[in-house]
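# Structure at a glance
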Amino acid sequence: MSQTPDTVVPDTEHRSLVERLPQVPRDLAQLARFDRPIGWWLLFWPCVFGVWLSGAGLQPALLAWLLLGAVAMRGAGCVYNDIVDADLDRQVARTAARPVASGRVSKKAAWGWLISLCLIGLIVLLQLRLEAQIVALASLALVAAYPFMKRVTWWPQAWLGMVFNWGLLVGWSQLGWAAFGDQHWDAVVALYAGSVCWVIGYDTIYALQDREDDALVGIRSSALRMGAKVHAGIAGFYAATLSLWALGIWLYRPDPLALLALLPVAIHLVWQVATLNPEDPANPLDRFRSNRWAGALMAIACFIVGNAYPGGGL
C-alpha cells in the first residue's frame, strides 16, 4: 500500500517496515518512536552501567526487563513530549510530520497511548526491589518537566542528561546497593555526572539538524547557545564525560589498569568529534546514532571493572 511522503517522518530508521503498517498502528509506532530505536538504546545503556558495575555478572533476565522498560518509558516520554510540543513541532520542518503535530493522532488518543505505555513500565517497575523502585519513581518530576526546558533554558540537553541516565542509579540500586550498601556511591555519582555530559554532547550533535528552524521559532538549545564554537563545545563535553567516567572508575577501583577499560569508548568519542561535519545534513544524525555503540562500549567497561574487580576498592 503506497503512502504519502508526509506519513513517515524524515529521520525514521526503519522506513520500509513502518510504511507497511496500516495507518493507525503506523502513527502510534511513530508517536512512541518505535521506528527510531536509538532512543531506547541510549536510555537502556546507563541501566546496564549500574547493573554491570555491581559485579553481579551478566544478569540477562534483569537486563531484559530493563530493556522492555526503556522501550516503554522512552515511548511514553516521546508521546508526552509530542502532546506538549505539538504547536512548536508544526513550525519545525523535521518534526512537522509527527502524528500529533500533523493532526493524524488526536491529543485524546495520544493520552490513551501514553497511559498504555506507562502500564508496561509499571509491570517492569514491579520486578525491581523496593529501593530501586523508589529511585525509579523519583525520576518522574524530571521527566514531566523536560519538554518545557527548551522554553526556559539554552541547555535543555543538560536536563535530558539527568533524565536519560537515571537508569544508572536504578541499576545500581537494584544490585550494587544490596551488595555494598552506602559504599561506592561516590563512584556511581561520578559516572552519572559523566553520563550527563555525554548526553549534552550527543544531543547537541542531534540539535545541529534544527538550528535554523529552532532559531526562527524561538526554541532554545545548546547547539544554538554554542554558536560558531559548537564543535569545540561538543569536544569539551566529551572530554568532561571521559574525565568523570575515569574518576568514577578510579573511585571504585584505584588501579591504572582499570582505567584501560575506558580506552575503546574514548577512541569512539574522539572519532565522533574528529569526523563531525555540521554542514553535512546527514553527518550529525549519523554521529548521534553512533552513540548506541558508545553506550555499549561503556557498558563493557563497567562489566570489566565490576566483575574483574568484585568489591571495587575493597
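Look above for the structure.
Let me begin by describing the structure that accompanies this report. (Residues numbered from 1 in each chain as written. Predicted model: local features only at pLDDT ≥ 70, side-chain atom pairs only at ≥ 80, totals over all residues. Heavy atoms only, no water.)

## A word on the packing of helix 12 (residues 185–207) against helix 15 (residues 230–252)
Taken N-terminus to C-terminus, the directions of helix 12 and helix 15 make an angle of 160 degrees; their axes are 7 Å apart at the nearest point. Classified by the interaxial angle, the pair formed by helix 12 and helix 15 is roughly antiparallel. The handedness of the crossing between helix 12 and helix 15 is left-handed. Partitioning the contact of helix 12 with helix 15 into residue classes produces 20 nonpolar, six polar and one charged. (Axes fitted to C-alpha atoms, helices over the stretch in contact; angles between N-to-C directions. Helix = DSSP H or I, 4+ residues; strand = E, 2+ residues; numbered from the N terminus. Parallel < 35°, antiparallel > 145°, perpendicular 65-115°, else oblique. Left-handed = near helix turned anticlockwise from the far one by under 90°. Nonpolar A, V, L, I, M, F, W, Y, C, P; charged D, E, K, R; others polar.)

## Here we look at the nonpolar core
Residues Phe 49, Trp 198, Trp 245 and Met 298 are the most contacted members of the largest nonpolar core, which totals 69 residues. Those residues in contact with Met 298, other than ones at most four positions away along the chain, are Phe 49, Leu 191, Trp 245, Leu 262 and Val 265. Counting 13 residues, the second-largest nonpolar core is a separate cluster that includes Leu 31, Tyr 80, Val 100 and Trp 113. (Core = buried A, V, L, I, M, F, W, Y, C linked by side-chain atoms within 4.5 Å. Buried < 20%, exposed > 50% of the residue type's maximum accessible area, 1.4 Å probe, protein only. Contact = heavy atoms within 4.5 Å.)

## Considering unusual backbone geometry
Comment: phi is negative for the bulk of residues other than glycine, and the bulk of peptide bonds are trans. Look at Gln 59: it is not a glycine, yet its phi comes out positive at around 55 degrees. Its location among the elements puts Gln 59 in the loop between helix 3 (38–53) and helix 4 (60–84). According to the relative accessible area criterion, Gln 59 is partly exposed, its value standing at 27%. Of note, His 184 is a non-glycine position whose phi angle comes to about 75 degrees, a positive value. Inspection of the secondary structure assignment puts His 184 in the loop between helix 11 (166–180) and helix 12.

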